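Okay, here's what each chain looks like letter by letter:
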Amino acid sequence: DTGVSQDPRHKITKRGQNVTFRCDPISEHNRLYWYRQTLGQGPEFLTYFQNEAQLEKSRLLSDRFSAERPKGSFSTLEIQRTEQGDSAMYLCASSLFDEQYFGPGTRLTVT
Amino acid sequence: GENVEQHPSTLSVQEGDSAVIKCTYSDSASNYFPWYKQELGKRPQLIIDIRSNVGEKKDQRIAVTLNKTAKHFSLHITETQPEDSAVYFCAANGGYQKVTFGTGTKLQVIP
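To start, this report covers the structure provided alongside it. (Residues numbered from 1 in each chain as written. Chains lettered and ligands numbered in written order. Predicted model: local features only at pLDDT ≥ 70, side-chain atom pairs only at ≥ 80, totals over all residues. Heavy atoms only, no water.)

Points about the nonpolar core
The biggest cluster of nonpolar side chains holds 23 residues, and the ones touching the most others in it are B:Trp35, B:Phe73, B:Leu75 and B:Leu107. For this core, the secondary structure elements donating two or more residues are strand E2 (10-14), strand E3 (19-25), strand E4 (32-38), strand E5 (45-51), strand E7 (62-67), strand E8 (72-77), strand E9 (86-92) and strand E11 (105-110) of chain B. Residue contacts for B:Phe73: discarding those within four places in its chain leaves B:Ile21, B:Lys22, B:Cys23, B:Tyr25, B:Phe33, B:Trp35, B:Thr65, B:Leu66, B:Cys90 and B:Ala91. Counting 19 residues, the second largest nonpolar core, distinct from the first, contains A:Val4, A:Val19, A:Phe49 and A:Val110. (Core = buried A, V, L, I, M, F, W, Y, C linked by side-chain atoms within 4.5 Å. Buried < 20%, exposed > 50% of the residue type's maximum accessible area, 1.4 Å probe, protein only. Helix = DSSP H or I, 4+ residues; strand = E, 2+ residues; numbered from the N terminus. Contact = heavy atoms within 4.5 Å.)

Here it is as structure tokens:
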């Protein structure tokens, strides 16, 4: 499969724990995006990378969230001190130009 | 920032009929407008997009129209089939790479 991949697909964690998700974009895509999607809503932008540079972060992204793309290939999204409100689907997308292609997502459940 | 409104939130049509979903955007700098289809439990899939230098684009049974003056764009699906049943999201880019999504339209095609 040469599409965007994400790992893990599901994560259940207790409130207060830290979690980290990984995204592997389509190989030739230099742009990578993270979104959060809750039930019945559209994807909500979190952050965007061009190569290894993080160019934009949503004002909604609290200090507990951090994302990296150290070598301009895969990216990680870490959530520290998880809260129940963090429960959502975390989607990654990549693009070469405007067209963004999404991964299958990581579903996070905070208990 | 960009604000995208989408209507209707739900739409039921008989198989073979047409379906129309409408969106408005707020930021006149937006120049890229993608549409995504999301089936239950699946990733959003890009089905068609339009750029601000054209007014209409077609791809088989799917067409998108754009009215820049009114800041409206619409998705038209003709000859609907049961496999068209899904949630459809419009989006606009606000002139940057950050894409803002609408709240989605759940389309049900009744056989």
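Concerning the layout of surface pockets
By volume, the largest pocket amounts to about 750 Å³. In this structure, the largest pocket is lined by 32 residues; those nearest its centre are A:Leu39, B:Gln38, B:Leu40, B:Gly41 and B:Val87. At the level of secondary structure, the elements contributing two or more residues to the lining of the largest pocket comprise strand E9 (88-95) and strand E11 (106-110) of chain A together with E9 and E11 of chain B. No other element matches the four residues that E11(B) contributes to the lining of the largest pocket. Tallied by class, the residues present in the lining of the largest pocket amount to eleven nonpolar, 16 polar and five charged. Quantified by volume, the second largest pocket comes out at close to 540 Å³. Lining the second largest pocket are 24 residues, and of these A:Phe45, B:Glu2, B:Lys98, B:Val99 and B:Thr100 lie nearest its centre. Elements supplying a minimum of two residues to the lining of the second largest pocket: strand E5 (44-50) and strand E6 (53-57) of chain A together with strand E10 (100-101) of chain B. (1 Å grid on protein atoms, 1.4 Å probe; cavity = no way out; pocket = protein on both sides within 12 Å on 5 of 7 lines; lining within 4 Å. Points joined across faces, edges and corners; volume = space filled by probe spheres on them. Nonpolar A, V, L, I, M, F, W, Y, C, P; charged D, E, K, R; others polar.)

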